[in-house]
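Coordinate inspection notes
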Amino acid sequence: MATKSKVNGLNAMHTSGIYSDMTVDGPEIGTLVVIVDRAKNLPNRKTIGKQDPYCAARLGKEAKKTETDRRGGQTPRWYDMFVLMF
């Protein structure tokens, strides 16, 4: 017995039930708030001068990055906040 599968406009298999309203990236479930305060004891990667560290976060396809802490060295401070949707 041959079965036919429904194909939606995105050339993907048709799903039903709880996942029927998914977009290409999936449904939005919630929000993640990340507060970046500081870092401690980073390894020293520069021999001359101070490091310019930054903090980066990624959730799925969304990515955020803080500004670099100029001359932050091994103990940078950012006082920054990311809002990531998932």
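So, here's what we can say about the structure. Keep in mind that what you see is a predicted model, and the values were worked out from it rather than measured.

How each quantity is defined
Residues numbered from 1 in each chain as written. Predicted model: local features only at pLDDT ≥ 70, side-chain atom pairs only at ≥ 80, totals over all residues. Heavy atoms only, no water. Helix = DSSP H or I, 4+ residues; strand = E, 2+ residues; numbered from the N terminus. Buried < 20%, exposed > 50% of the residue type's maximum accessible area, 1.4 Å probe, protein only. Phe/Tyr/Trp six-rings, centres within 6.5 Å; stacked < 30°, edge-to-face > 60°. Lys NZ or Arg CZ within 6 Å of the ring centre and 35° of its normal. Pairing = 2+ DSSP bridges. Patch = residues over 30% accessible without salt bridge, like charges linked within 9 Å, V, L, I, M, F, W, Y side chains within 5 Å. Areas by Shrake-Rupley, 256 points an atom, 1.4 Å probe, with all protein chains shown as cover. Salt bridge = Lys/Arg side-chain N within 4 Å of Asp/Glu carboxyl O.

**Brief notes about unusual backbone geometry**
Apart from glycine, the bulk of residues carry a negative phi angle, and the bulk of peptide bonds sit in the trans form. If you check the backbone angles, Arg 71 has positive phi at about 60° while not being a glycine. Turning to its location among the elements, Arg 71 is positioned in the loop between β3 (62–65) and β4 (77–85). The phi dihedral of Tyr 79 falls on the positive side, at around 50°, and the residue is not glycine. With respect to the helices and strands, the residue Tyr 79 is situated in strand β4. Classification of Tyr 79 as exposed rests on a relative accessible area of 57%.

**Some thoughts on the packing of aromatic side chains**
In this description, a pair of aromatic rings is defined by centroid distance and the angle of the planes. Within the structure shown, the criterion is met by zero aromatic pairs. For Lys 65, the ring lying beneath its charged end belongs to Tyr 54, and the centroid distance is 4.4 Å.

**Topic: the pairing of strand β2 (residues 56–59)**
Regular strands place their side chains on alternate faces of the sheet. Here β2 pairs with β3 via four bridges, running antiparallel. What sits directly across from Arg 58, in β3, is Ala 63. The turn linking β2 back onto β3 is made up of two residues, and Gly 60 within it adopts a positive phi angle of 70°.

**Details of a nonpolar patch on the surface**
Side chains of Val 33, Ile 35, Met 81, Val 83 and Met 85 sit close together on the surface and give an oily, nonpolar patch of about 470 Å² of accessible area. Of all elements in the fold, only β1 (31–38) and β4 reach the threshold of two or more residues within the nonpolar patch. Looking at the nonpolar patch, the element that brings in the most residues is β4, giving three residues. Along the chain, the position of Val 33 falls in strand β1.

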